[in-house]
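One letter stands for each residue in the lines below.
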Amino acid sequence: METRRDAVDSFDSFRQFIGLERDVLVLSVAMFAFSLSFQMTGRYVPEYLRVLGAGATVVGLYGSVGNLIGALYPYPGGALSDRLGSRLSLTLFGTVSSAGFLFWFVAPQVPEVTLAGVSLEPWLWIFVGLFLTQAWKSFGLGATFAIVKQSVPPGRLAMGFASTEIFRRIGFLLGPLIAAALLAATATFVEGFRYVLIVAAVFGIVATVAQHVLYDAGGDSLGKSFEGLAQLRDDLRSLPETLRPLLVADTLIRFANGMVYVFFVIVVTEFLQVGFTGFGVSLRPDAFFGVLLGVEMVVALLTKLPVSKLAERTGLKPVVGLGFAVYAIFPVLLIFAPANQWVVVGLFAFSGLRFAGLPAHKALIVGPAERNAGGRVTGAYYLLRNTIVIPSAALGGWLYARDPTLAFSVASLVGVVGVVYFALRGKEFEAYAGGA
(Lines give C-alpha, C1' and ligand atoms only; values in the text may rest on other atoms or scores of the structure.)
Protein backbone atom coordinates (compact mmCIF):
# COMPACT_ATOMS: atom_id res chain seq x y z
CA MET A 1 0.00 0.00 0.00
CA GLU A 2 1.38 3.42 -1.00
CA THR A 3 2.05 5.74 1.91
CA ARG A 4 1.61 9.50 1.86
CA ARG A 5 5.40 9.89 1.96
CA ASP A 6 5.78 7.64 -1.09
CA ALA A 7 3.21 9.68 -2.95
CA VAL A 8 5.03 12.89 -2.14
CA ASP A 9 8.40 11.42 -3.17
CA SER A 10 6.94 10.21 -6.44
CA PHE A 11 5.53 13.63 -7.16
CA ASP A 12 8.86 15.25 -6.27
CA SER A 13 10.64 12.95 -8.71
CA PHE A 14 8.19 13.88 -11.42
CA ARG A 15 8.60 17.56 -10.66
CA GLN A 16 12.37 17.25 -10.90
CA PHE A 17 12.06 15.30 -14.15
CA ILE A 18 10.34 18.16 -15.91
CA GLY A 19 12.33 20.87 -14.12
CA LEU A 20 9.55 22.23 -11.95
CA GLU A 21 11.20 23.15 -8.65
CA ARG A 22 8.99 25.32 -6.40
CA ASP A 23 10.27 28.71 -7.54
CA VAL A 24 10.25 27.64 -11.19
CA LEU A 25 6.63 26.49 -10.74
CA VAL A 26 5.61 29.87 -9.29
CA LEU A 27 7.44 31.64 -12.12
CA SER A 28 5.74 29.37 -14.64
CA VAL A 29 2.27 30.25 -13.34
CA ALA A 30 3.08 33.96 -13.52
CA MET A 31 4.45 33.47 -17.03
CA PHE A 32 1.19 31.79 -17.99
CA ALA A 33 -0.93 34.72 -16.85
CA PHE A 34 1.26 37.44 -18.32
CA SER A 35 1.76 35.54 -21.56
CA LEU A 36 -2.01 35.26 -21.80
CA SER A 37 -2.27 39.03 -21.40
CA PHE A 38 0.57 39.85 -23.80
CA GLN A 39 -0.62 37.50 -26.52
CA MET A 40 -4.22 38.69 -26.25
CA THR A 41 -3.07 42.26 -26.81
CA GLY A 42 0.40 42.69 -28.28
CA ARG A 43 -0.15 40.84 -31.55
CA TYR A 44 -3.28 42.93 -32.18
CA VAL A 45 -1.86 46.38 -31.38
CA PRO A 46 -0.63 46.96 -34.97
CA GLU A 47 -4.21 46.43 -36.16
CA TYR A 48 -5.40 48.69 -33.32
CA LEU A 49 -3.06 51.39 -34.66
CA ARG A 50 -4.20 50.88 -38.25
CA VAL A 51 -7.90 51.15 -37.36
CA LEU A 52 -7.17 54.29 -35.34
CA GLY A 53 -5.67 55.91 -38.44
CA ALA A 54 -1.96 55.06 -38.38
CA GLY A 55 -0.22 54.09 -41.63
CA ALA A 56 2.35 51.37 -42.31
CA THR A 57 5.27 53.66 -41.50
CA VAL A 58 3.81 54.45 -38.06
CA VAL A 59 3.14 50.76 -37.43
CA GLY A 60 6.77 50.03 -38.29
CA LEU A 61 7.89 52.83 -35.98
CA TYR A 62 5.78 51.28 -33.21
CA GLY A 63 7.65 48.02 -33.73
CA SER A 64 10.99 49.82 -33.47
CA VAL A 65 9.91 51.56 -30.25
CA GLY A 66 9.09 48.09 -28.91
CA ASN A 67 12.58 46.99 -29.95
CA LEU A 68 14.04 50.03 -28.19
CA ILE A 69 12.23 49.06 -25.00
CA GLY A 70 13.41 45.48 -25.42
CA ALA A 71 16.97 46.79 -25.65
CA LEU A 72 16.79 49.28 -22.78
CA TYR A 73 14.80 47.32 -20.19
CA PRO A 74 16.52 43.90 -19.75
CA TYR A 75 19.93 45.00 -18.50
CA PRO A 76 18.79 47.36 -15.71
CA GLY A 77 16.05 44.85 -14.93
CA GLY A 78 18.61 42.06 -14.67
CA ALA A 79 20.94 44.17 -12.55
CA LEU A 80 18.04 45.13 -10.27
CA SER A 81 16.95 41.52 -9.86
CA ASP A 82 20.53 40.46 -9.02
CA ARG A 83 20.69 43.24 -6.41
CA LEU A 84 17.19 43.23 -4.88
CA GLY A 85 16.05 39.68 -5.59
CA SER A 86 13.57 38.32 -8.09
CA ARG A 87 10.44 38.53 -5.93
CA LEU A 88 10.41 42.27 -5.32
CA SER A 89 11.57 43.04 -8.84
CA LEU A 90 8.89 40.96 -10.55
CA THR A 91 6.16 42.37 -8.31
CA LEU A 92 7.12 45.90 -9.32
CA PHE A 93 7.33 45.02 -13.01
CA GLY A 94 3.99 43.17 -12.94
CA THR A 95 2.21 46.14 -11.39
CA VAL A 96 3.51 48.51 -14.07
CA SER A 97 2.56 46.13 -16.89
CA SER A 98 -0.99 45.71 -15.61
CA ALA A 99 -1.39 49.48 -15.50
CA GLY A 100 -0.20 49.62 -19.10
CA PHE A 101 -3.07 47.46 -20.36
CA LEU A 102 -5.52 49.87 -18.72
CA PHE A 103 -3.72 52.80 -20.34
CA TRP A 104 -4.21 51.21 -23.76
CA PHE A 105 -7.90 50.81 -22.90
CA VAL A 106 -8.43 54.55 -22.31
CA ALA A 107 -6.07 55.76 -25.06
CA PRO A 108 -8.71 56.04 -27.84
CA GLN A 109 -10.89 58.15 -25.55
CA VAL A 110 -8.20 60.79 -25.06
CA PRO A 111 -9.28 63.80 -27.15
CA GLU A 112 -7.06 65.02 -29.98
CA VAL A 113 -4.54 67.53 -28.71
CA THR A 114 -2.80 70.28 -30.67
CA LEU A 115 0.65 71.15 -29.33
CA ALA A 116 2.79 73.84 -31.01
CA GLY A 117 0.65 73.52 -34.11
CA VAL A 118 1.08 69.73 -34.24
CA SER A 119 -2.01 67.53 -33.92
CA LEU A 120 -1.49 64.58 -31.58
CA GLU A 121 -3.65 61.71 -32.84
CA PRO A 122 -5.19 59.17 -30.42
CA TRP A 123 -2.87 56.43 -31.68
CA LEU A 124 0.10 58.33 -30.22
CA TRP A 125 -0.94 57.25 -26.72
CA ILE A 126 -0.58 53.62 -27.76
CA PHE A 127 3.16 54.30 -27.89
CA VAL A 128 3.08 55.66 -24.32
CA GLY A 129 1.25 52.58 -23.07
CA LEU A 130 3.88 50.37 -24.68
CA PHE A 131 6.51 51.61 -22.21
CA LEU A 132 4.28 50.40 -19.36
CA THR A 133 3.02 47.08 -20.69
CA GLN A 134 6.49 45.77 -21.49
CA ALA A 135 7.80 46.16 -17.91
CA TRP A 136 7.25 42.56 -16.71
CA LYS A 137 8.27 41.00 -20.01
CA SER A 138 11.45 43.03 -20.61
CA PHE A 139 12.52 44.42 -17.23
CA GLY A 140 11.85 41.03 -15.67
CA LEU A 141 13.74 39.02 -18.28
CA GLY A 142 16.93 38.74 -16.22
CA ALA A 143 14.99 37.82 -13.09
CA THR A 144 13.16 34.99 -14.83
CA PHE A 145 16.39 33.56 -16.26
CA ALA A 146 18.13 33.84 -12.87
CA ILE A 147 15.32 31.94 -11.09
CA VAL A 148 15.64 29.00 -13.48
CA LYS A 149 19.44 29.00 -13.31
CA GLN A 150 19.55 28.89 -9.50
CA SER A 151 16.84 26.20 -9.30
CA VAL A 152 17.90 23.68 -11.97
CA PRO A 153 21.19 21.72 -12.44
CA PRO A 154 23.34 22.92 -15.39
CA GLY A 155 22.81 19.74 -17.41
CA ARG A 156 19.04 20.15 -17.22
CA LEU A 157 18.69 23.84 -18.00
CA ALA A 158 16.91 23.19 -21.30
CA MET A 159 14.29 21.10 -19.49
CA GLY A 160 13.94 23.77 -16.81
CA PHE A 161 13.34 26.42 -19.42
CA ALA A 162 11.00 24.07 -21.27
CA SER A 163 8.89 23.88 -18.11
CA THR A 164 8.47 27.66 -17.95
CA GLU A 165 8.04 27.83 -21.71
CA ILE A 166 5.20 25.31 -21.69
CA PHE A 167 3.23 27.38 -19.17
CA ARG A 168 4.09 30.49 -21.16
CA ARG A 169 2.98 28.95 -24.44
CA ILE A 170 -0.27 27.69 -22.92
CA GLY A 171 -0.95 31.37 -22.23
CA PHE A 172 0.06 32.10 -25.80
CA LEU A 173 -2.45 29.47 -26.92
CA LEU A 174 -5.41 30.53 -24.79
CA GLY A 175 -4.83 34.29 -25.08
CA PRO A 176 -5.48 34.57 -28.83
CA LEU A 177 -8.46 32.23 -28.58
CA ILE A 178 -10.03 34.40 -25.86
CA ALA A 179 -9.30 37.45 -28.02
CA ALA A 180 -10.85 35.75 -31.05
CA ALA A 181 -14.00 34.93 -29.08
CA LEU A 182 -14.35 38.49 -27.79
CA LEU A 183 -13.76 39.96 -31.24
CA ALA A 184 -16.23 37.57 -32.85
CA ALA A 185 -18.86 38.51 -30.28
CA THR A 186 -18.58 42.27 -30.92
CA ALA A 187 -19.59 44.40 -33.85
CA THR A 188 -16.28 46.18 -34.41
CA PHE A 189 -12.62 45.47 -33.85
CA VAL A 190 -12.05 48.45 -31.53
CA GLU A 191 -15.00 47.53 -29.30
CA GLY A 192 -13.87 43.94 -29.01
CA PHE A 193 -10.24 44.81 -28.44
CA ARG A 194 -11.11 47.11 -25.53
CA TYR A 195 -12.80 44.16 -23.82
CA VAL A 196 -9.63 42.17 -24.51
CA LEU A 197 -7.57 44.84 -22.74
CA ILE A 198 -9.74 44.70 -19.63
CA VAL A 199 -9.34 40.92 -19.40
CA ALA A 200 -5.58 41.25 -19.93
CA ALA A 201 -5.29 43.74 -17.06
CA VAL A 202 -7.19 41.40 -14.72
CA PHE A 203 -4.87 38.50 -15.51
CA GLY A 204 -1.84 40.73 -14.97
CA ILE A 205 -3.05 41.87 -11.56
CA VAL A 206 -3.84 38.31 -10.44
CA ALA A 207 -0.42 37.08 -11.60
CA THR A 208 1.38 39.89 -9.79
CA VAL A 209 -0.35 39.12 -6.50
CA ALA A 210 0.17 35.37 -6.89
CA GLN A 211 3.89 35.55 -7.60
CA HIS A 212 4.43 37.96 -4.70
CA VAL A 213 2.62 35.70 -2.22
CA LEU A 214 3.86 32.29 -3.41
CA TYR A 215 7.47 32.93 -4.44
CA ASP A 216 10.03 31.88 -1.81
CA ALA A 217 12.58 34.69 -1.77
CA GLY A 218 14.83 32.77 0.63
CA GLY A 219 16.49 31.00 -2.28
CA ASP A 220 17.46 34.19 -4.11
CA SER A 221 21.17 34.60 -4.69
CA LEU A 222 21.95 38.31 -4.66
CA GLY A 223 24.81 39.69 -6.68
CA LYS A 224 26.76 42.88 -6.27
CA SER A 225 25.17 46.30 -6.64
CA PHE A 226 25.03 47.97 -10.04
CA GLU A 227 28.20 49.97 -10.70
CA GLY A 228 27.04 51.96 -13.73
CA LEU A 229 28.31 51.93 -17.30
CA ALA A 230 31.69 50.54 -16.28
CA GLN A 231 29.98 47.37 -15.07
CA LEU A 232 27.95 47.18 -18.27
CA ARG A 233 31.11 47.43 -20.39
CA ASP A 234 32.76 44.73 -18.28
CA ASP A 235 29.74 42.45 -18.62
CA LEU A 236 29.67 42.89 -22.41
CA ARG A 237 33.42 42.26 -22.72
CA SER A 238 33.25 39.21 -20.48
CA LEU A 239 30.40 37.44 -22.29
CA PRO A 240 31.38 33.75 -22.52
CA GLU A 241 32.92 32.62 -25.81
CA THR A 242 29.94 30.33 -26.41
CA LEU A 243 27.65 33.35 -26.64
CA ARG A 244 29.50 35.36 -29.27
CA PRO A 245 28.62 33.43 -32.46
CA LEU A 246 25.16 32.78 -31.02
CA LEU A 247 24.72 36.51 -30.48
CA VAL A 248 25.69 37.36 -34.07
CA ALA A 249 23.33 34.77 -35.58
CA ASP A 250 20.52 35.56 -33.15
CA THR A 251 20.80 39.26 -33.96
CA LEU A 252 20.47 38.60 -37.69
CA ILE A 253 17.48 36.32 -37.13
CA ARG A 254 15.77 38.82 -34.81
CA PHE A 255 16.48 41.72 -37.17
CA ALA A 256 14.79 39.77 -39.95
CA ASN A 257 11.81 38.83 -37.80
CA GLY A 258 11.58 42.38 -36.44
CA MET A 259 11.19 43.79 -39.94
CA VAL A 260 7.85 42.06 -40.46
CA TYR A 261 6.57 40.73 -37.11
CA VAL A 262 4.22 43.67 -36.46
CA PHE A 263 2.70 43.21 -39.92
CA PHE A 264 1.63 39.56 -39.55
CA VAL A 265 -1.83 40.59 -38.33
CA ILE A 266 -2.15 43.22 -41.08
CA VAL A 267 -1.16 40.68 -43.75
CA VAL A 268 -4.00 38.43 -42.61
CA THR A 269 -6.62 41.18 -42.15
CA GLU A 270 -5.76 43.56 -44.99
CA PHE A 271 -3.25 42.08 -47.48
CA LEU A 272 -4.68 38.55 -47.76
CA GLN A 273 -8.07 39.50 -46.26
CA VAL A 274 -8.63 35.90 -45.32
CA GLY A 275 -11.25 34.88 -42.79
CA PHE A 276 -12.54 31.46 -41.82
CA THR A 277 -15.72 29.64 -42.71
CA GLY A 278 -16.41 26.10 -41.58
CA PHE A 279 -17.65 23.85 -38.77
CA GLY A 280 -20.72 26.05 -38.46
CA VAL A 281 -18.81 29.27 -37.77
CA SER A 282 -17.76 32.27 -39.80
CA LEU A 283 -14.95 34.52 -38.55
CA ARG A 284 -13.80 37.94 -39.66
CA PRO A 285 -10.07 38.11 -40.54
CA ASP A 286 -9.24 39.80 -37.20
CA ALA A 287 -10.89 37.01 -35.20
CA PHE A 288 -9.37 34.36 -37.50
CA PHE A 289 -5.92 35.74 -36.71
CA GLY A 290 -6.45 34.80 -33.07
CA VAL A 291 -7.25 31.24 -34.13
CA LEU A 292 -4.08 31.16 -36.25
CA LEU A 293 -2.01 32.17 -33.23
CA GLY A 294 -3.72 29.39 -31.29
CA VAL A 295 -2.74 26.85 -33.97
CA GLU A 296 0.83 28.14 -33.81
CA MET A 297 0.94 27.61 -30.06
CA VAL A 298 -0.54 24.10 -30.21
CA VAL A 299 2.41 23.04 -32.36
CA ALA A 300 4.81 24.85 -30.01
CA LEU A 301 3.37 23.05 -26.97
CA LEU A 302 3.42 19.63 -28.60
CA THR A 303 7.04 19.92 -29.70
CA LYS A 304 8.72 21.80 -26.85
CA LEU A 305 9.37 18.99 -24.35
CA PRO A 306 10.30 16.33 -26.94
CA VAL A 307 12.72 18.72 -28.63
CA SER A 308 14.24 19.74 -25.27
CA LYS A 309 14.75 16.06 -24.43
CA LEU A 310 16.26 15.61 -27.89
CA ALA A 311 18.74 18.39 -27.08
CA GLU A 312 20.11 16.24 -24.25
CA ARG A 313 21.09 13.67 -26.92
CA THR A 314 22.07 15.87 -29.86
CA GLY A 315 23.32 18.97 -28.04
CA LEU A 316 21.78 22.43 -28.01
CA LYS A 317 23.15 23.72 -31.32
CA PRO A 318 21.05 21.60 -33.76
CA VAL A 319 17.86 22.42 -31.88
CA VAL A 320 18.61 26.15 -31.82
CA GLY A 321 19.43 26.00 -35.54
CA LEU A 322 16.04 24.42 -36.29
CA GLY A 323 14.23 27.29 -34.61
CA PHE A 324 16.37 29.84 -36.45
CA ALA A 325 15.55 28.23 -39.82
CA VAL A 326 11.79 28.44 -39.24
CA TYR A 327 12.11 32.09 -38.19
CA ALA A 328 14.00 32.81 -41.41
CA ILE A 329 11.72 31.30 -44.04
CA PHE A 330 8.27 31.94 -42.56
CA PRO A 331 7.96 35.59 -43.76
CA VAL A 332 8.46 34.79 -47.45
CA LEU A 333 6.10 31.82 -47.22
CA LEU A 334 3.36 33.95 -45.66
CA ILE A 335 3.51 36.93 -48.01
CA PHE A 336 3.36 34.73 -51.12
CA ALA A 337 0.63 32.46 -49.74
CA PRO A 338 -2.73 32.30 -51.53
CA ALA A 339 -5.73 33.77 -49.71
CA ASN A 340 -6.84 30.29 -48.68
CA GLN A 341 -7.80 29.68 -45.07
CA TRP A 342 -6.30 26.18 -44.88
CA VAL A 343 -3.00 27.20 -46.47
CA VAL A 344 -2.69 29.99 -43.90
CA VAL A 345 -3.55 27.57 -41.08
CA GLY A 346 -0.77 25.26 -42.31
CA LEU A 347 1.74 28.10 -42.42
CA PHE A 348 1.04 29.17 -38.84
CA ALA A 349 1.31 25.53 -37.74
CA PHE A 350 4.75 25.46 -39.36
CA SER A 351 5.62 28.73 -37.63
CA GLY A 352 4.98 27.04 -34.29
CA LEU A 353 8.13 24.96 -34.80
CA ARG A 354 10.28 28.05 -34.26
CA PHE A 355 9.35 27.96 -30.57
CA ALA A 356 10.60 24.40 -30.16
CA GLY A 357 14.17 25.63 -30.03
CA LEU A 358 13.64 28.41 -27.47
CA PRO A 359 14.38 26.40 -24.29
CA ALA A 360 17.66 25.23 -25.84
CA HIS A 361 18.37 28.78 -26.97
CA LYS A 362 17.87 30.13 -23.44
CA ALA A 363 20.03 27.36 -22.00
CA LEU A 364 22.78 28.27 -24.46
CA ILE A 365 22.59 31.90 -23.28
CA VAL A 366 22.50 31.51 -19.51
CA GLY A 367 24.30 28.17 -19.12
CA PRO A 368 27.88 29.50 -19.31
CA ALA A 369 27.17 32.37 -16.86
CA GLU A 370 28.50 32.38 -13.31
CA ARG A 371 25.84 31.54 -10.69
CA ASN A 372 25.36 35.04 -9.24
CA ALA A 373 25.60 36.79 -12.61
CA GLY A 374 22.83 35.01 -14.53
CA GLY A 375 20.60 38.09 -14.57
CA ARG A 376 23.35 40.45 -15.74
CA VAL A 377 24.71 38.11 -18.42
CA THR A 378 21.21 37.61 -19.80
CA GLY A 379 20.51 41.33 -19.65
CA ALA A 380 23.82 42.23 -21.33
CA TYR A 381 23.19 39.70 -24.12
CA TYR A 382 19.70 41.00 -24.81
CA LEU A 383 20.80 44.62 -24.50
CA LEU A 384 23.37 44.23 -27.26
CA ARG A 385 21.14 42.11 -29.48
CA ASN A 386 18.05 44.25 -29.08
CA THR A 387 19.96 47.50 -29.53
CA ILE A 388 21.08 46.39 -32.98
CA VAL A 389 17.55 45.19 -33.81
CA ILE A 390 15.90 48.51 -32.86
CA PRO A 391 15.57 49.95 -36.41
CA SER A 392 14.37 46.68 -37.98
CA ALA A 393 10.63 47.36 -37.71
CA ALA A 394 10.99 50.95 -38.93
CA LEU A 395 12.93 49.67 -41.95
CA GLY A 396 10.29 46.99 -42.48
CA GLY A 397 7.51 49.57 -42.23
CA TRP A 398 9.23 51.79 -44.78
CA LEU A 399 9.56 48.85 -47.18
CA TYR A 400 6.02 47.59 -46.46
CA ALA A 401 4.53 50.99 -47.31
CA ARG A 402 6.14 50.63 -50.75
CA ASP A 403 5.75 46.91 -51.39
CA PRO A 404 4.73 44.31 -48.79
CA THR A 405 6.29 41.45 -50.76
CA LEU A 406 9.62 43.27 -50.89
CA ALA A 407 9.62 43.82 -47.11
CA PHE A 408 8.91 40.16 -46.34
CA SER A 409 11.37 38.86 -48.96
CA VAL A 410 14.24 41.00 -47.64
CA ALA A 411 13.41 39.84 -44.11
CA SER A 412 13.73 36.18 -45.10
CA LEU A 413 17.02 36.86 -46.90
CA VAL A 414 18.53 38.43 -43.77
CA GLY A 415 17.27 35.51 -41.70
CA VAL A 416 18.86 32.92 -43.99
CA VAL A 417 22.23 34.67 -43.58
CA GLY A 418 21.86 34.27 -39.81
CA VAL A 419 21.03 30.56 -40.13
CA VAL A 420 24.07 29.88 -42.31
CA TYR A 421 26.36 31.81 -39.95
CA PHE A 422 25.16 29.86 -36.94
CA ALA A 423 25.58 26.54 -38.76
CA LEU A 424 29.21 27.42 -39.54
CA ARG A 425 30.31 29.24 -36.38
CA GLY A 426 27.92 28.32 -33.58
CA LYS A 427 29.36 26.70 -30.41
CA GLU A 428 27.96 24.02 -28.14
CA PHE A 429 27.49 24.48 -24.35
CA GLU A 430 29.91 22.10 -22.62
CA ALA A 431 27.27 20.60 -20.31
CA TYR A 432 25.51 19.29 -23.43
CA ALA A 433 28.61 18.54 -25.48
CA GLY A 434 28.68 14.92 -24.39
CA GLY A 435 25.32 14.28 -26.02
CA ALA A 436 26.19 16.03 -29.27
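Residues numbered from 1 in each chain as written. Predicted model: local features only at pLDDT ≥ 70, side-chain atom pairs only at ≥ 80, totals over all residues. Heavy atoms only, no water.

**Observations regarding the overall build of the protein chain**
Across its full length, the protein chain carries 22 helices and four strands. Per-residue burial for the protein chain yields a buried fraction of 56% across its 436 residues. Residue pairs in contact within the protein chain that sit at least 24 positions apart in sequence constitute 87% of those at least 6 positions apart. In the structure as shown, the protein chain presents an accessible area of about 17,300 Å², 68% of it carried by carbon and sulfur atoms. (Helix = DSSP H or I, 4+ residues; strand = E, 2+ residues; numbered from the N terminus. Buried < 20%, exposed > 50% of the residue type's maximum accessible area, 1.4 Å probe, protein only. Contact = heavy atoms within 4.5 Å. Areas by Shrake-Rupley, 256 points an atom, 1.4 Å probe, with all protein chains shown as cover.)

**Topic: the nonpolar core**
Counting residues in each nonpolar core, the largest one holds 71 residues, and the members touching the most others are Leu49, Leu334, Phe348 and Phe408. Residues from two domains meet in this core; each of domain 1 (20-216) and domain 2 (230-435) gives at least three. Not counting residues within four places of it along the chain, the set of residues in contact with Leu334 comprises Phe264, Val267, Leu272, Leu347, Phe348 and Phe408. Ranked by size, the runner-up nonpolar core spans 31 residues in total, among them Leu173, Leu246, Ala300 and Phe324. (Core = buried A, V, L, I, M, F, W, Y, C linked by side-chain atoms within 4.5 Å. Domains from an automatic or database assignment.)

**Overview of the confidence of the model for the protein chain**
Chain-level pLDDT for the protein chain is 81 on average; 76% of the residues reach the 70-or-more range. Throughout residues 221-226 the model reports pLDDT below 50, and contacts reaching past four residues in sequence, or to other chains, amount to 20 contacts. (pLDDT = per-residue confidence, 0-100.)

**Describing unusual backbone geometry**
A negative phi angle characterises most non-glycine residues, just as the trans form characterises most peptide bonds. Backbone geometry places Gln273, a non-glycine residue, at a positive phi of 50 degrees. Here Gln273 lies in the loop between α14 (264-271) and β3 (276-278). For Phe279, which is not glycine, the phi dihedral falls at a positive 55 degrees. With respect to the helices, strands and loops of the structure, Phe279 is situated in the loop between β3 and β4 (281-283). On the accessibility criterion, Phe279 (73% relative accessible area) is exposed.

**Examining the environment of Tyr382**
Structurally, Tyr382 can be placed in helix α19 (residues 374-389). Note on Tyr382: relative accessible area 9%, which makes it buried. Note: C-alpha distance between Tyr382 and Asp250 (132 residues apart in sequence) is 10.0 Å.

**A short note on the packing of aromatic side chains**
Aromatic ring pairs are reported here in terms of the distance separating the ring centres and the angle at which the planes meet. For the structure shown, the criterion picks out 23 aromatic pairs. Their ring planes at 85 degrees and their centres at 5.6 Å tell us that Tyr44 and Phe289 sit as a pair that is edge-to-face. With Tyr44 in the loop between α2 (22-41) and α3 (45-51) and Phe289 in helix α15 (residues 285-314), this pair connects stretches of sequence that are 245 residues apart. Across the pair, Phe289 and Tyr44 agree in class, each one buried. (Phe/Tyr/Trp six-rings, centres within 6.5 Å; stacked < 30°, edge-to-face > 60°.)

**Looking at the side chain of Arg254**
Looking at where Arg254 falls in the secondary structure, it is placed in helix α13 (residues 243-260). A polar contact of 3.3 Å, which involves the side chain of Arg254, links it to the side chain of Tyr327. Apart from residues no more than four positions distant in its own chain, Arg254 is found in contact with Tyr327, Leu358, His361, Arg385 and Val389. (Polar contact = N/O pair within 3.5 Å; in protein donor to acceptor, adjacent residues only side chain to side chain.)

**Considerations on the environment of Val419**
Assignment of secondary structure puts Val419 in helix α21 (residues 404-425). Classification of Val419 as partly exposed rests on a relative accessible area of 21%. Separated by 97 residues in sequence, Val419 and Leu322 have C-alpha atoms that sit 8.8 Å apart. Sequence-distant contacts of Val419, that is, excluding residues within four places in its chain, are made with Ile253, Phe324, Ala325 and Ala328.

**Let's talk about the packing of α13 against α21**
With their axes 8 Å apart at the nearest point, α13 and α21 run at an angle of 165 degrees to one another. Accordingly, the angle class assigned to the pair α13 and α21 is roughly antiparallel. For the pair α13 and α21, the crossing hand works out as left-handed. Note on element contacts: α21 touches α13 through Ala407, Phe408, Val410, Ala411, Val414, Gly415, Val417, Gly418, Val419, Tyr421, Phe422 and Arg425, opposite Pro245, Leu246, Val248, Ala249, Leu252, Ile253, Ala256, Met259 and Val260. Broken down by class, the residue content of the contact of α13 with α21 amounts to 18 nonpolar, two polar and one charged. (Axes fitted to C-alpha atoms, helices over the stretch in contact; angles between N-to-C directions. Parallel < 35°, antiparallel > 145°, perpendicular 65-115°, else oblique. Left-handed = near helix turned anticlockwise from the far one by under 90°. Nonpolar A, V, L, I, M, F, W, Y, C, P; charged D, E, K, R; others polar.)

**Details of a nonpolar patch on the surface**
Residues Ile329, Leu333, Val416, Val420 and Leu424 make up a contiguous nonpolar surface patch of roughly 420 Å² in combined accessible area. Elements with a minimum of two residues in the nonpolar patch: α16 (316-335) and α21. In terms of residue count, the dominant contributor to the nonpolar patch is α21 (three residues). As for its placement among the helices and strands, Leu424 is situated in helix α21. (Patch = residues over 30% accessible without salt bridge, like charges linked within 9 Å, V, L, I, M, F, W, Y side chains within 5 Å. Salt bridge = Lys/Arg side-chain N within 4 Å of Asp/Glu carboxyl O.)

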